[in-house]
Amino acid sequence: MVDAAGGEHTVGNFAYGEDVRIDLADISANHSNFSFVRVIDLAEPPGDLSRVSLYRGEDTAIPDEVRVLLGSLVSSGAFPTNNVFPIPIPACRHWGLPLTPGGSDDAFVVENTVPEGTKVILAAAISGDLTGK
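Cut-offs used in this document
- Residues numbered from 1 in each chain as written.
- Predicted model: local features only at pLDDT ≥ 70, side-chain atom pairs only at ≥ 80, totals over all residues.
- Heavy atoms only, no water.
- Helix = DSSP H or I, 4+ residues; strand = E, 2+ residues; numbered from the N terminus.
- Buried < 20%, exposed > 50% of the residue type's maximum accessible area, 1.4 Å probe, protein only.
- Pairing = 2+ DSSP bridges.
- Axes fitted to C-alpha atoms, helices over the stretch in contact; angles between N-to-C directions.
- Core = buried A, V, L, I, M, F, W, Y, C linked by side-chain atoms within 4.5 Å.
- Polar contact = N/O pair within 3.5 Å; in protein donor to acceptor, adjacent residues only side chain to side chain.
- Contact = heavy atoms within 4.5 Å.
- Salt bridge = Lys/Arg side-chain N within 4 Å of Asp/Glu carboxyl O.

## A short note on unusual backbone geometry
Geometrically, the link from E44 to P45 is a cis peptide bond, its omega value of -5 degrees lying close to zero. Position of P45 among the secondary structure elements: in the loop between β3 (34-39) and β4 (52-55).

What follows is the structure, encoded as structure tokens:
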């Protein structure tokens, strides 16, 4: 998670094959001024991500707009503002693969616990294939 001042805070680590589930209520409660959430595979070379999902674990306020970045913006730290803004380091190789037998093949999900009026903006860079739904 990146805060409004550009500081970065780790809010979770996930093992290979595990869905990346981001609790917006928890982030909002602990980092009320967060700017965006970054998801990146730290393996060398980068591996694969299955599903990335947003949810609200508690019935608390979350921002009206949530930005999610799959990738790294090492130099600028700013969220991409248009579709030609370069994201120099991809988040992973392939994204949306079912990494375990019978696993999910949804690449990105906003779960129904997130209020309907919440605007979700996704920017992503991957080096391989986007698969799944």
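Okay, back to it.
## Thoughts on the pairing of β4
Remember that side chains alternate between the two faces of the sheet whenever the strand is regular. Side chains of β4 alternate between two faces, with V52 and L54 and S53 and Y55 buried alike. As defined by bridge partners, strand β2 (residues 20-23) adjoins β4 across four bridges and the pair is classed as parallel. Considered in β4, the bridge of I22 is made with L54. Note: β4 against strand β7 (residues 108-110), three bridges, orientation parallel. Of the residues in β7, the one forming a bridge with L54 is V110.

## Concerning the sheet that holds β4
Here three strands make up an open sheet; going across it, the order is β2-β4-β7 and the pairing parallel. Both edges of this open sheet fall to β2 and β7, since each of them pairs with a single strand only. Direction aside, neighbouring strands of the sheet carry axes that sit 15 degrees apart on average.

## Some words on the nonpolar core
Nonpolar side chains tend toward joint burial in soluble globular proteins. Ranked by internal contacts, the top residues of the largest apolar core, which has 20 residues, are I22 and L70. For this core, the secondary structure elements donating two or more residues are β2, α1 (24-30), β3, β4 and β5 (65-72). Among the nonpolar cores identified, the runner-up in size contains seven residues, and L69, F79, A123 and A125 belong to it.

## As for the side chain of S50
You can see S50 is positioned in the loop between β3 and β4. At 3.0 Å, the side chain of S50 and the side chain of D19 are in polar contact. Each residue touching S50, except ones within four places of it in the same chain, is listed here: G17, E18, D19, W95, G96, L97, L99, D106 and A107.

## What about the pattern of salt bridges?
Tallied over the full model, the rule gives seven salt bridges. One salt bridge in this structure joins R93 and D48, with 2.8 Å as the shortest N-O distance. You can see R93 sitting in the loop between β6 (89-90) and β7 and its partner D48 sitting in the loop between β3 and β4, a full 45 residues away along the chain. For D106, the salt bridge is made with R51, and the minimal N-O distance between the two is 3.8 Å. In this pair, D106 sits in the loop between β6 and β7 while R51 sits in the loop between β3 and β4, placing the two residues 55 residues apart along the sequence. Its relative accessible area of 21% is what places R51 among the partly exposed residues.

## Considering the environment of D23
Considering the arrangement of structural elements, one finds D23 in strand β2. Not counting the four nearest positions on each side in its chain, D23 is found in contact with Y55, R56 and G57.

## A few points about the environment of S32
The topology assignment puts S32 in the loop between α1 and β3. With 30 residues separating them along the chain, S32 and I62 place their C-alpha atoms 8.6 Å apart.

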